[in-house]
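Residue-level structure breakdown
This is what each chain is made of:
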Amino acid sequence: MIPQVDNRCVHCDEPVRGLPRFDADADGTHSLSAQSLPSEQFCCSGCEIAYHAIQSMFDQPEGSNPFYDLAKGNLRPPTQGKVDSIQALRDSIQMKDSLSSAEWYLEGVHCRACVWLVDQMPRAVDGVVSARTDISSNLLRLEWDPEKTSVDDIVNWLQPLGYSPHPTKTKEEGGALLSVGASALLAMNAMMVSVTSYGGLSAENDYEVWRFLSIAAGIMATASLYLFRFRILRLIKSIKLAKLPVDLPIVIGIIAAWFFSWFNLYTTQAGVKGGELWFDAICVLVALLLATEWYTDRTRRRIGQFTQVDFSIVPEFTTLKIGKRIHRDEVQVDDLLVCEPNAVLVSDGIAQQNMFVDRSVQTGESLPINIAKGDDLYAGDRVLAQHSPEGMFYRVKVRHEKSKLALLLESLKSPEYLDSDVVDRAEKLSSLFVKIVLILALLASIISVIFLGEFGAVIAILIVACPCGLAIATPLSYAIGMGQIRRKGVLLKSAQGIDILDRATDIVFDKTGTLTDGDFRMQGYQSTAEHLRIANALEFFSSHPLSTAFSKNADDLELDEVCADRLGVSAKVGSGSYRVMGSQKRIPAAYKDFIAIGLFAMSGGKTSGEDGQELATFYVGDALRPESPQVIKALKADGLHVHVLSGDREDKVQHVCADLDIATFRSSLSPEEKASYIRELKDKGRVVLFLGDGTNDALACLEADASFVVKGASPITFSLAEGLLDTRNLGSFLDAKLFAARVRKRTTFALVWALIYNIVMLAASAIGWITPLIAAIAMPLSSAILVLITTSGSQLGSILSQSLPGRREASSDDAKAVLEPVFHAKPTESVPL
Amino acid sequence: MTIIYILLPISLLLALGAGLAFRWAVNNQQFDDVDSPPIRMLSDGKVVRENSSPKTGEGE
């Protein structure tokens, strides 16, 4: 077992895992006592960077930092994410009165401390005029003086604090909300007018006043219809595409009611009780429909803000060996290109030197690969910085648009994938419902015309038959569910995500980065505190992914003659020379899954390290997430089949799966093989949900019925997935599943209720029982009951306030809930209705 | 019934006023962000040092 230390991260208060206490073992080497551990511990390098960045911004002594006073345990570990493209951010700038302004999605804003810190930007960055962060939509509105500061300065200020700006295209539109307000106002006034008719006013007793008020109501209904015009146009469009949208009967009813109400108004003579007028009903329905649409749209937009990501992983420009910068489209086959340190290659080619390459874009495995001279390199590979006096180059084999990566991206856009959309069950169900209602309305109309000889009853039937349950309750229920799930740290892009979450029979996991942490952490070491300091200082200069496990807070150690190459880093510290590189000791059994890095003492400034004495050993690795076993257990207990697909080596995958008690797994898979495995499952009639993270999971994401990605996933995979786990905790997935089940139960119940209501009311109106008064009372009552059903599940009030999209300022209890997800609450728990 | 000719314009004016007030509120982004202002209130008066750029330990 890995020794666990019960310490919490100074920044985010998450438990620090793995690190660092290590007692003397069989080797008899020195051990580190708990007392000599650093007092500040971090769960990840992101937290460490953010903590020191924030501390450096205050004069106060440590401990009374306003940021942490405000945050009070609500922080989540930041993603030290890369900004997709500074150029894209620059493109989003607008100029106004010699000031630049921009609106960006700011990833990483979680709580009031975040809002406060980002709002401080005008004070902290010279030239920034105003900065406003919206906690519910993560939008940052900025204004700055381009003479004094630049996008780069702003990004450089935000990034260490753990916030990554992304360009955004979606904008909150005031127009829709204005329509909702106007239609509500019209509805209120139309209802006020109709009160007179309940009081007994009719054409029989006071024709003048009746006519005056009815025309007023008619004008209001006409204005309502005008506000509703976009919805009607959209409906006509979807009918042309041979679809039966949910709101078809309701819209037919509204339009028909409008025509017949005007018709009845004009044909009614003084002193006669004329036909019914439905103007108030029209206004109320339009207001309800517009409000529902606005609410669901806002929920979807806020969640979807981050989906507009840039597909380009490959840089636009590269450098020829002769030193000329060229655009990637100008690169020709056989060109010799420079492998710039830590930059991504633009095309496939052949290495001209030995080098270390990070191929995580393709394989999902972040451990670098050793590339020898003459080996293949691929677009998307990142060449790690290393000491190489003459530079590193590669010869281009194919043009960049023909590279393996470009072809993969192209296949994602192909119609084969775009058309193979899973048939939405909810849509199927609702179109069935629409058919039933239309047929029933038709039958009722025929009966009433034949037996009562009254044509006006048809309109009553159409209005009464309006399935508010479908047009209002269903979208509302899903929007509320998406809001609730978002509060648990899972962002859903579509209602389909909820359906599949609940219906899935098979859950397929990627291993690295999904079941495991995905980044390297110090799992233990045999070292003195002094040696740990030196190793930290040296590893700072390494671009090797393993170096992220070392503390980035290298203190005041003076380093000389730093030399970083592909095997390690060497430097002079004080009077001694040191080098970090792969350990030469036998790895103890407890650490056999990890990689050992040694700190060597060098004699006489040699850099080879062959004869150095190994002073300390550090065990670094990517361990299983601590909650993974519980999540898998809960899923299995729920009767789900769990699979693991990995691009990693057989023995490693086997080991992880043994720990998790998963029998079905595949290893060393290519992206295509992952996708075909899922396709086979689907061919057997299973509903497949996929959880992954890397670009290599993109095809699998497309193939699965729905896919979720974990925080820090590649932008491509993210853009294809239905959901994002925005916390570091896989347990949030179980929470999301629980809520999805509730949403679906609520929706089904609402549909059943709506159907019963429609049948009863249709029958009543067919025999002429429905008067305007009854209709006016029954309709809002039925809608109110439906809204109650859809918002039930806990106290209405709290749900209503919680479900406001993006209300994420969590209480301290919620912060605990994020750490300790609802393992105790079984996802099958029944929903109180 | 003549009272209606006085009451009606008054009620119309009131409705118009409410409508205009709502339009003003929407256009002034009063409903765009209803969650952040109550949070901001709690942190009033707390500030960072002027021109403080975050340091990452090594001047990254």
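Above: the structure in question.
Attention in this report is confined to the structure presented alongside it.

The rules behind the values
- Residues numbered from 1 in each chain as written.
- Chains lettered and ligands numbered in written order.
- Predicted model: local features only at pLDDT ≥ 70, side-chain atom pairs only at ≥ 80, totals over all residues.
- Heavy atoms only, no water.
- Helix = DSSP H or I, 4+ residues; strand = E, 2+ residues; numbered from the N terminus.
- Buried < 20%, exposed > 50% of the residue type's maximum accessible area, 1.4 Å probe, protein only.
- Contact = heavy atoms within 4.5 Å.
- Areas by Shrake-Rupley, 256 points an atom, 1.4 Å probe, with all protein chains shown as cover.
- Pairing = 2+ DSSP bridges.
- Axes fitted to C-alpha atoms, helices over the stretch in contact; angles between N-to-C directions.
- Salt bridge = Lys/Arg side-chain N within 4 Å of Asp/Glu carboxyl O.
- Parallel < 35°, antiparallel > 145°, perpendicular 65-115°, else oblique.
- Left-handed = near helix turned anticlockwise from the far one by under 90°.
- Nonpolar A, V, L, I, M, F, W, Y, C, P; charged D, E, K, R; others polar.
- Expected span 1.5 Å × (residues − 1).
- Patch = residues over 30% accessible without salt bridge, like charges linked within 9 Å, V, L, I, M, F, W, Y side chains within 5 Å.

1. Thoughts on the overall build of chain A
In terms of helices and strands, chain A carries 29 helices and 29 strands. Put simply, chain A has 833 residues, and 55% of those count as buried. For chain A, the share of sequence-separated contacts (at least 6 apart) that also reach a separation of at least 24 residues comes to 69%. Carbon and sulfur atoms make up 57% of the accessible area of chain A, which amounts to about 35300 Å² in all.

2. Quick notes on the overall build of chain B
Secondary structure assignment for chain B yields two helices and zero strands. Summing over all exposed atoms, chain B offers an accessible surface of approximately 4200 Å²; the carbon and sulfur share of this is 65%.

3. Quick word on the sheet that holds strand S28 (residues 706-710) of chain A
Residue and element names in this part refer to chain A. Spatially, seven strands are ordered S17-S29-S28-S27-S18-S25-S26 in an open sheet, and the strand pairing comes out mixed. Among the strands making up the open sheet, the edge pair consists of strand S17 (490-492) and strand S26 (664-666). Recorded for the sheet is a direction-independent mean angle of 20° between the axes of neighbouring strands. Pairing of S28 with strand S29 (residues 723-725), which is carried by three bridges, proceeds in the parallel orientation. Each residue of the ladder has a partner; that of Phe708, found in S29, is Gly723. On top of the sheet, helix H23 (residues 671-683) reaches strand S18 (506-510), strand S25 (641-645), S26 and strand S27 (688-692); it is set at about 160° to S25, its chief contact.

4. Here we look at the sheet that holds strand S12 (residues 355-358) of chain A
Two strands in a sheet stick together by hydrogen bonds in their backbones, pointing the same way (parallel) or opposite ways (antiparallel). All names here are of chain A. Spatial ordering of the open sheet is given by S13-S12-S15, a layout of three strands whose pairing is antiparallel. The open sheet is flanked by strand S13 (369-371) and strand S15 (382-383), the only strands paired with a single partner. Looking at chain direction, S12 and S15 are connected through two bridges and run antiparallel. Bridge pairing in S15 places Val357 opposite Val383.

5. Digging into the pattern of salt bridges
Applying the stated rule across the entire model yields 13 salt bridges over all chains. Between A:Arg234 and A:Glu293 there is a salt bridge whose closest N-O contact spans 2.8 Å. Taken together, the residues A:Arg234 in helix H9 (residues 229-240) and A:Glu293 in helix H11 (residues 279-304) connect sequence positions 59 residues apart. Here A:Arg686 and A:Asp506 are joined by a salt bridge, their closest N and O atoms 2.7 Å apart. Here the residue A:Arg686 occupies a position in the loop between H23 and S27, and A:Asp506 occupies one in strand S18, the gap between them amounting to 180 residues. Residue class for A:Asp506 comes out buried when judged on its relative accessible area of 1%. Salt bridges sharing common partners tie together A:Asp119, A:Arg132 and B:Arg40.

6. Focus: the side chain of A:Asp697
Residues and elements named next belong to chain A. Mapped onto the secondary structure, Asp697 falls in the loop between S27 and helix H24 (698-703). Here Asp697 falls in the buried class, since its relative accessible area comes to 0%. Once residues within four sequence positions are removed from consideration, Asp697 is found in contact with Asp510, Lys674, Phe690, Gly692 and Thr717.

7. Some remarks on the packing of H9(A) against helix H10 (residues 248-267) of chain A
Residue and element names in this part refer to chain A. Running from N to C, H9 and H10 point in directions that differ by 125°, and their axes come no closer than 11 Å. As the angle between them shows, H9 and H10 are arranged oblique. The chirality of how H9 crosses H10 is left-handed. Contacts from Ile232, Leu235 and Ile239 of H9 reach H10 at Leu248, Val251 and Ile255. Its residues assigned to classes, the contact of H9 with H10 comprises six nonpolar, no polar and no charged.

8. Considerations on H9(A)
The terminal C-alpha atoms of H9(A) lie 17 Å apart, and with 12 residues this matches the ideal 16 Å at 1.5 Å per residue to within 8%. Downstream of H9(A) by one or two residues, A:Ala242 has phi in the positive range, about 60°.

9. Describing the pairing of strand S16 (residues 393-396) of chain A
Residues and elements named next belong to chain A. Pairing geometry for strand S10 (residues 336-338) and S16, over three bridges, is antiparallel. Within the sheet, the bridge partner assigned to Leu337 lies in S16 and is Tyr394. Alignment of strand S11 (residues 349-351) against S16, held across three bridges, turns out to be antiparallel. Within S16, the position partnered with Ala351 by the bridge is Tyr394.

10. Structural notes on a nonpolar patch on the surface
On the surface, A:Leu442, A:Ile446, A:Ile447, A:Ile450 and A:Phe451 cluster together to form a nonpolar patch covering roughly 550 Å² of accessible area. Within the element layout of this structure, A:Ile446 appears in helix H15 (residues 425-452).

11. Describing the packing of helix H8 (residues 207-227) of chain A against H10(A)
Residue and element names in this part refer to chain A. Look at H8 against H10: their axes get within 11 Å of each other, and the N-to-C directions meet at 155°. Relative to H10, the element H8 is oriented roughly antiparallel. For the pair H8 and H10, the sense of crossing is left-handed. Where H8 approaches H10, its residues Trp210, Arg211, Ser214, Ile215, Gly218, Ile219, Ala221, Thr222 and Leu225 are matched on the opposing element by Ile254, Trp258, Trp262, Leu265 and Tyr266.

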